[in-house]
Amino acid sequence: VSQKYFLIKNADKDKATVRLLEYYDPKLCLIFCNTKAKVEELSEVLKKADFQAEGLHGDLIQHQRDIVMNRFRNGSTNILIATDVAARGIDVDDVEIVINYDVPLDNEYYVHRIGRTGRAGKTGMSFTFANARELRRIREIEKFCKTTIEERKLPDASKVLKSKARKVLNSAWELKDHEDIGLMKVYLQRMMDKNECDIFDLAACMLKQEIGDKGEEIL
């Protein structure tokens, strides 16, 4: 498990979470928060950003917990946001990324959190958000775990846009050998003839419509 931390302000944590999810596009991701309220808040933030996210905390009844966990296991929900207590017993092998939205209150919590990824012989990544006052806690966790947590900078907006474009283009190109695209080519040719437009301009407009603009930078 590679261990990194990002030095960011508390007010930028939501944007930083979205930034990492857009850039890495994980198959399954676990996000840990220290409070139930933050689990609920972040769940709503990610849903509004079109992510398949669910929250898991102690106020949910067992039936609700079972539904959330089943969705996470079968991939219909690929982002699970949880408190440390609620996450006990989670046993999923394909978690690619663990994000510590909050620095854990206990050193052993950190071990349990990052241990959710890099399982069954696979590699994983763990990212921790920390503000300037929490750097002391990062050093304490390093000493406790006898490990090094490297500081990293968030991917900038250009890198994220490039990653999203590559994902869309690769996904679209995969259709070439599996779908009949003849009629689509006819539609494109009609559009080009009617408007005398360049094929690259048309493709660029369609790509921009799909992925949007470059986001704001996060200091």
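These lines cover the structure that appears in this document, whether it is placed above or below.

## Side note on the overall build of the chain
Scanning the chain from terminus to terminus reveals 8 helices and 7 strands. For the chain, the spread of C-alpha atoms along the three principal axes comes to 65 × 40 × 35 Å. Burial statistics for the chain: of 219 residues in total, 38% are counted as buried. Taking the intrachain contacts of the chain between residues at least 6 apart in sequence as the baseline, contacts between residues at least 24 apart amount to 76%. Counting only carbon and sulfur atoms, one obtains 51% of the accessible surface of the chain, whose full area is about 13,400 Å². Averaging the positions of the 37 positive and the 37 negative side-chain charges in the chain gives two centres separated by 4 Å.

## A few points about the pairing of strand β6 (residues 125-130)
Summarising burial for β6: 5 of the 6 residues are buried, a large majority. Note that strand β1 (residues 2-7) and β6 share 6 bridges and pair parallel. Bridged to Lys4 within β6 is Phe127. Bridge analysis of strand β5 (residues 97-100) against β6 gives 4 bridges, and the strand direction is parallel. Across the sheet, Ile97 pairs through a bridge with Met125, a residue of β6. Taking the sense of rotation as the criterion, the β-α-β connection linking β5, helix α4 (residues 107-114) and β6 turns out right-handed.

## Digging into the sheet that holds strand β7 (residues 150-151)
Across a sheet, strands are paired by hydrogen bonds formed along the backbone, either parallel or antiparallel in direction. With parallel pairing, 7 strands are arranged side by side in an open sheet as β3-β4-β2-β5-β6-β1-β7. A strand with exactly one partner marks an edge of an open sheet, and here the two such strands are β3 (53-56) and β7. Pairing geometry for β1 and β7, over 2 bridges, is parallel. Bridge assignment links Lys4 to a residue of β7, and that residue is Glu150. With respect to the sheet, helix α2 (residues 36-48) is in contact with β2 (29-32), β3 and β4 (79-82), its orientation differing from that of β3 by roughly 175 degrees. Helix-sheet contacts for helix α5 (residues 135-145) involve β1 and β6, and the interaxial angle to β1 is about 165 degrees.

## Digging into α2
Taking 1.5 Å as the rise per residue, α2 with 13 residues should run 18 Å; its terminal C-alpha atoms sit 19 Å apart, in good agreement. Of the surrounding elements, those touching the buried residues of α2 are α1 (13-24), β2, β3 and β4. Note on α2: the residue one or two positions beyond its end, Asp50, has a positive phi of about 70 degrees.

## Section: the packing of helix α6 (residues 157-173) against helix α8 (residues 199-211)
Where α6 meets α8, the axes come as close as 10 Å, and the angle between the chain directions of the two elements is 110 degrees. Taken together, the axis directions place α6 and α8 in an arrangement best described as roughly perpendicular. Where α6 crosses over α8, the two elements pack in a sense that is right-handed. Contacts between α6 and α8 involve Leu161, Lys164, Ala165, Val168 and Leu169 from the first element and Leu207, Glu210 and Ile211 from the second. Along the lines of polarity and charge, the residues of the contact of α6 with α8 split into 6 nonpolar, no polar and 2 charged.

## Notes on the side chain of Arg116
Of note, Arg116 is situated in the loop between α4 and β6. A relative accessible area of 12% places Arg116 in the buried class. A polar contact is formed between the side chain of Arg116 and the backbone oxygen of His112, at a distance of 3.3 Å. Discounting residues that sit within four places of it in the chain, Arg116 has contacts with Leu30, Phe32, Ala87, Arg88, Gly89, Ile90, Val92, Val95 and Val98.

## Observations concerning the nonpolar core
Grouped together as the largest cluster of nonpolar side chains are 23 residues, with contacts concentrated most on Ile31, Leu46, Ile79, Ile81, Ile99 and Phe129. Broken down by secondary-structure element, the contributors of at least two residues to this core are α1, β2, α2, β4, β5 and β6. In terms of residue count, the dominant contributor to this core is α1 (4 residues). If we ignore the near neighbours within four places in the chain, the residues touching Ile79 are Leu21, Cys29, Ile31, Leu46, Phe51, Gln52, Ala53, Glu54 and Phe72. Within the second largest apolar cluster, 16 residues are counted, among which are Leu80, Ala82, Ala86 and Val92.

Calculation notes
- Residues numbered from 1 in each chain as written.
- Predicted model: local features only at pLDDT ≥ 70, side-chain atom pairs only at ≥ 80, totals over all residues.
- Heavy atoms only, no water.
- Helix = DSSP H or I, 4+ residues; strand = E, 2+ residues; numbered from the N terminus.
- Buried < 20%, exposed > 50% of the residue type's maximum accessible area, 1.4 Å probe, protein only.
- Contact = heavy atoms within 4.5 Å.
- Areas by Shrake-Rupley, 256 points an atom, 1.4 Å probe, with all protein chains shown as cover.
- Lys, Arg positive; Asp, Glu negative; His and termini not counted.
- Charge placed at Lys NZ, Arg CZ, Asp CG, Glu CD.
- Pairing = 2+ DSSP bridges.
- Right-handed = clockwise from strand over helix to strand, strands pointing away.
- Axes fitted to C-alpha atoms, helices over the stretch in contact; angles between N-to-C directions.
- Expected span 1.5 Å × (residues − 1).
- Parallel < 35°, antiparallel > 145°, perpendicular 65-115°, else oblique.
- Left-handed = near helix turned anticlockwise from the far one by under 90°.
- Nonpolar A, V, L, I, M, F, W, Y, C, P; charged D, E, K, R; others polar.
- Polar contact = N/O pair within 3.5 Å; in protein donor to acceptor, adjacent residues only side chain to side chain.
- Core = buried A, V, L, I, M, F, W, Y, C linked by side-chain atoms within 4.5 Å.

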